[in-house]
Amino acid sequence: VTIGDRDVAGVRVGLRPRIPVAGEVVFDGPAPETSPAAKLGLAVAAITRTEYGDVQSAIPGEFAFDGGLPMDEYGLDIGGVPAGIYIKDVTYGDRSMMYQPLRVGSAVGNAGLRVILGRDGGTVGARVVDKDGNPVADCTVAILPATAPSEAVFAGALKTGKTDQAGAWSSPTLPPGKYFVLATGETIDRSPETIGKLWKARNRGEEVELAPNGKASVALVLKALD
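Residues numbered from 1 in each chain as written. Predicted model: local features only at pLDDT ≥ 70, side-chain atom pairs only at ≥ 80, totals over all residues. Heavy atoms only, no water.

Draft legend 1. Inspection of the overall build of the protein chain at higher detail. Along its length, the protein chain carries two helices and 18 strands. C-alpha extents for the protein chain along the principal axes are approximately 75 × 50 × 30 Å. Across the 226 residues that make up the protein chain, the buried fraction comes to 40%. Put simply, of all contacts in the protein chain between residues at least 6 apart along the chain, 70% involve residues at least 24 apart. On the protein chain, roughly 13100 Å² of surface is accessible, and the fraction owed to carbon and sulfur atoms is 50%. Each charge class in the protein chain was averaged separately, 23 positive and 27 negative side chains, and the resulting centres sit 3 Å apart. (Helix = DSSP H or I, 4+ residues; strand = E, 2+ residues; numbered from the N terminus. Buried < 20%, exposed > 50% of the residue type's maximum accessible area, 1.4 Å probe, protein only. Contact = heavy atoms within 4.5 Å. Areas by Shrake-Rupley, 256 points an atom, 1.4 Å probe, with all protein chains shown as cover. Lys, Arg positive; Asp, Glu negative; His and termini not counted. Charge placed at Lys NZ, Arg CZ, Asp CG, Glu CD.)

Set out below in structure tokens:
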């Protein structure tokens, strides 16, 4: 739009339709006898535009984004997951979007979001030491999914944390499965460069098989990602 010293006529502005987006939070299998008091937070941000939305949901429970969302592609961030629970899948319509953008308007009919929570997860405890066996504080521990089929899925499933003064760190609740665990002094972010380094270095980590409702422990030494 060019602003001049005269009125402009014949300008057409196309508005994107707002699509109702509602959904539910459910458990895979029986729900706990007592529902968690915490609420799940769902926040979306359009990938190519300045458009945001957020909503909270009881666990289990139903939710709806107030006023709907403009038709677009969104990144979805889910927070407030209680201890002992993990996000098993997220579907929109009949398709999983666990590691994909939320394409508002792509679901058929009145199909909505469905956040599926798992209760059979486990945790990984790591302790990092130097070559002399002394604990290493404030280093990064990365838990890398061993079966991720692509770097995009790998980045979405990656979990990281910092060791305490005793060189220890414990993961949040993770889905059962096979993981590689690495400790590094380098900064880990979600940039393509860092994800590419981790993807190539994953087999150099310590292998962990996490059983349902299990706890695994691993001893690590610092390693460079390159």
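Back to the write-up after that little detour.
Draft legend 2. Molecular detail of helix α2 (residues 192–201). Those residues of α2 not exposed but buried are Thr194, Ile195, Gly196, Leu198, Trp199 and Ala201. Looking at the buried residues of α2, the elements they touch are β13 (140–145), α1 (151–157) and β16 (177–184).

Draft legend 3. Region of the structure containing the packing of aromatic side chains. With the rule as written, the count across this model stands at two aromatic pairs. Where Phe63 meets Phe65, the ring centres are 6.4 Å apart and the plane angle is 90°; that geometry is what we call edge-to-face. Ring centres 5.4 Å apart and planes at 85° place the aromatic pair Phe154 and Trp199 in the edge-to-face group. In this pair, Phe154 sits in helix α1 while Trp199 sits in helix α2, placing the two residues 45 residues apart along the sequence. Considered together, Phe154 and Trp199 belong to a single accessibility category, that of buried residues. Against the face of Trp199 rests Arg202, its NZ or CZ located 3.8 Å from the ring centre. (Phe/Tyr/Trp six-rings, centres within 6.5 Å; stacked < 30°, edge-to-face > 60°. Lys NZ or Arg CZ within 6 Å of the ring centre and 35° of its normal.)

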